[in-house]
Amino acid sequence: YPRGGEPGGVDAPVWENDGVVCHREGKDVTILTYGTLTAQAIRASEILADQGVEATVLRLQRVDAFAVKTIMEGMSSNRKLVVMEEACAHSGIKEALSMELPFCKVYGIDLGHRYVPHGSIQELYRACGLDGQSIADYILEELK
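What this report covers is the structure whose coordinates are included nearby. What you are looking at is a predicted structure, and each value in this text was computed from that prediction instead of being measured. (Residues numbered from 1 in each chain as written. Predicted model: local features only at pLDDT ≥ 70, side-chain atom pairs only at ≥ 80, totals over all residues. Heavy atoms only, no water.)

**Some words on the pattern of salt bridges**
Part 1: This structure, assessed with the given rule, holds seven salt bridges.
Part 2: Between Lys69 and Glu73 there is a salt bridge, and its shortest N-O distance comes to 3.9 Å. Taken together, the positions of Lys69 and Glu73, both in helix α2 (residues 68–74) and four residues apart, correspond to about one turn of that helix. Comparing Lys69 with Glu73 shows no difference in burial state: the two are exposed.
Part 3: What you see here is one network of salt bridges that share partners, running through Arg24, Arg43 and Glu46. (Salt bridge = Lys/Arg side-chain N within 4 Å of Asp/Glu carboxyl O. Helix = DSSP H or I, 4+ residues; strand = E, 2+ residues; numbered from the N terminus. Buried < 20%, exposed > 50% of the residue type's maximum accessible area, 1.4 Å probe, protein only.)

See below:
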């Protein structure tokens, strides 16, 4: 499974503070990610905007210590957080953030428990539900 590197083709951030970068601001839901999934998170926010859902997109620059105060300040007002990560189920940061953010509803999109086959990055994102459209569909379903 291909990983690593900074996201390419991402617009300049709206703001940056304490290891948290905000790429979009919205009031309905917050998408939090790190690394290469940032472009997919931004794509999902564009798809959601077409459906009338405003998404904040936050990117962590480090995952060793969470800037909880900055994340809380940057989140959408309804405190719904979707953590996207290229990690197996229960091995990423979603659980840790759930404990750090007890007043938020924290959802997660990750690789799950299955074996990840070979393919191009876009094929693997789609197969694992980590492409922009799959993320937007997941969020729309959870917001119902």
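**Digging into the packing of aromatic side chains**
Part 1: Enumeration according to the criterion identifies zero aromatic pairs in this entry.
Part 2: Lys105 extends its terminal NZ or CZ atom over the ring of Tyr107, reaching a point 5.2 Å from the ring centre. (Phe/Tyr/Trp six-rings, centres within 6.5 Å; stacked < 30°, edge-to-face > 60°. Lys NZ or Arg CZ within 6 Å of the ring centre and 35° of its normal.)

**Concerning unusual backbone geometry**
Part 1: Its identity is not glycine, yet Asp18 carries a phi of approximately 55°, on the positive side.
Part 2: Within the secondary structure, Asp18 sits in the loop between β1 (15–17) and β2 (20–24).
Part 3: Residue class for Asp18 comes out partly exposed when judged on its relative accessible area of 42%.

**A closer look at the nonpolar core**
Part 1: Counting residues in hydrophobic clusters, the biggest one holds 24 residues, and the most contacted among them are Ile31, Leu48, Met84, Leu130 and Ile139.
Part 2: Counting residues per element, the ones that place at least two in this core are β3 (29–34), α1 (38–50), β4 (55–60), β5 (80–84), β6 (105–109), α4 (121–128) and α5 (132–143).
Part 3: With five residues, the single largest contributor to this core is α1.
Part 4: Leave out the neighbours within four places in its chain, and Ile139 touches Val29, Ile31, Leu48 and Val82.
Part 5: In terms of nonpolar packing, the next biggest core, distinct from the first, is built from 16 residues, Leu32, Ala67, Met75 and Val83 among them. (Core = buried A, V, L, I, M, F, W, Y, C linked by side-chain atoms within 4.5 Å. Contact = heavy atoms within 4.5 Å.)

**Considerations on the sheet that holds β2**
Part 1: An order of β1-β2-β4-β3-β5-β6 is seen for the six strands of this open sheet, with the pairing classed as mixed. The strands lining the two open edges of the sheet, one partner per strand, are β1 and β6. Put simply, the sheet's adjacent strands are angled 25° from each other on average, direction ignored.
Part 2: Across six bridges, β3 lies against β4 in parallel orientation. Residue pairing for β4: Ile31 is matched across the bridge by Val57.
Part 3: Most of the contacts of α1 go to β3, to which it runs at about 160°, and overall it touches β2, β3, β4 and β5.
Part 4: Docked against the sheet, α5 engages β3, β5 and β6, running at close to 150° with respect to β6. (Pairing = 2+ DSSP bridges. Axes fitted to C-alpha atoms, helices over the stretch in contact; angles between N-to-C directions.)

**A closer look at the side chain of Arg59**
Part 1: Here Arg59 shows up in strand β4.
Part 2: Classification of Arg59 as buried rests on a relative accessible area of 10%.
Part 3: Here His23 takes part through its side chain, which lies 3.1 Å from a polar atom of the side chain of Arg59. (Polar contact = N/O pair within 3.5 Å; in protein donor to acceptor, adjacent residues only side chain to side chain.)

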